[in-house]
Amino acid sequence: MNVNSLNDINPGEHAIVNALLSTGSMRRRLLDIGLVENTDVECLGRSPGGDPSAFLIRGAVIAIRSEDCKNIIVTKM
């Protein structure tokens, strides 16, 4: 297993959240959607331009910009 940011997860891959490096209101939003330690995240796809990406998090599909994904540290499965 490798430690990466959420940007490194390709469509169809799963990862486990290790840490959030975001601060302020963005950190609060990510926590509110369920991005807490040990949460399973699946990348469902990327927009045609590559940003944002869609992730399945606790049963909900969430789009997250690559700028914010780089602050979400995960372990690839």
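The present account deals with the structure reproduced in this document. Being a predicted model, the structure only gives us computed values, none of them experimental.

The rules we used
- Residues numbered from 1 in each chain as written.
- Predicted model: local features only at pLDDT ≥ 70, side-chain atom pairs only at ≥ 80, totals over all residues.
- Heavy atoms only, no water.
- Pairing = 2+ DSSP bridges.
- Helix = DSSP H or I, 4+ residues; strand = E, 2+ residues; numbered from the N terminus.
- Axes fitted to C-alpha atoms, helices over the stretch in contact; angles between N-to-C directions.
- Contact = heavy atoms within 4.5 Å.
- Core = buried A, V, L, I, M, F, W, Y, C linked by side-chain atoms within 4.5 Å.
- Buried < 20%, exposed > 50% of the residue type's maximum accessible area, 1.4 Å probe, protein only.

Examining the sheet that holds strand β2 (residues 14-20)
Okay, step 1: The sheet built from six strands is open, its strands ordered β1-β6-β2-β3-β4-β5 with antiparallel pairing. Every other strand in the sheet has two partners, leaving β1 (3-5) and β5 (60-64) as the edge strands with one partner each. The mean angle between the axes of side-by-side strands here comes to 40 degrees, regardless of whether they run parallel or antiparallel.
Okay, step 2: Examined bridge by bridge, strand β4 (residues 53-57) and β5 share five bridges and lie antiparallel to one another. Counterpart to Ile57 in the pairing with β5 is Ala60.

Observations regarding the pairing of strand β3 (residues 40-46)
Okay, step 1: Here β2 pairs with β3 via three bridges, running antiparallel. Note on β3: the bridge partner recorded for Ala15 is Val41.
Okay, step 2: Sheet topology places β3 next to β4; five bridges connect them, and they run antiparallel. Bridged to Arg46 within β4 is Ser53.
Okay, step 3: Count of turn residues in the β3/β4 antiparallel hairpin: six residues, of which Gly50 carries a positive phi of about 95 degrees.

Points about the side chain of Ser5
Okay, step 1: Summarising the element assignment, Ser5 is placed in strand β1.
Okay, step 2: Dropping the residues within four chain positions of it, Ser5 is found in contact with Cys69, Lys70, Ile72, Ile73 and Val74.

As for the nonpolar core
Okay, step 1: The biggest cluster of nonpolar side chains holds 17 residues, and the ones touching the most others in it are Leu6, Leu35, Phe55, Ile64 and Ile72.
Okay, step 2: Secondary structure elements with two or more residues in this core: β2, α1 (24-32), β3, β4, β5 and β6 (72-76).
Okay, step 3: Those residues in contact with Ile64 that lie beyond four places of it in its chain are Leu6, Leu30, Leu35, Asp51, Pro52, Ser53, Phe55, Ile57, Cys69 and Ile72.

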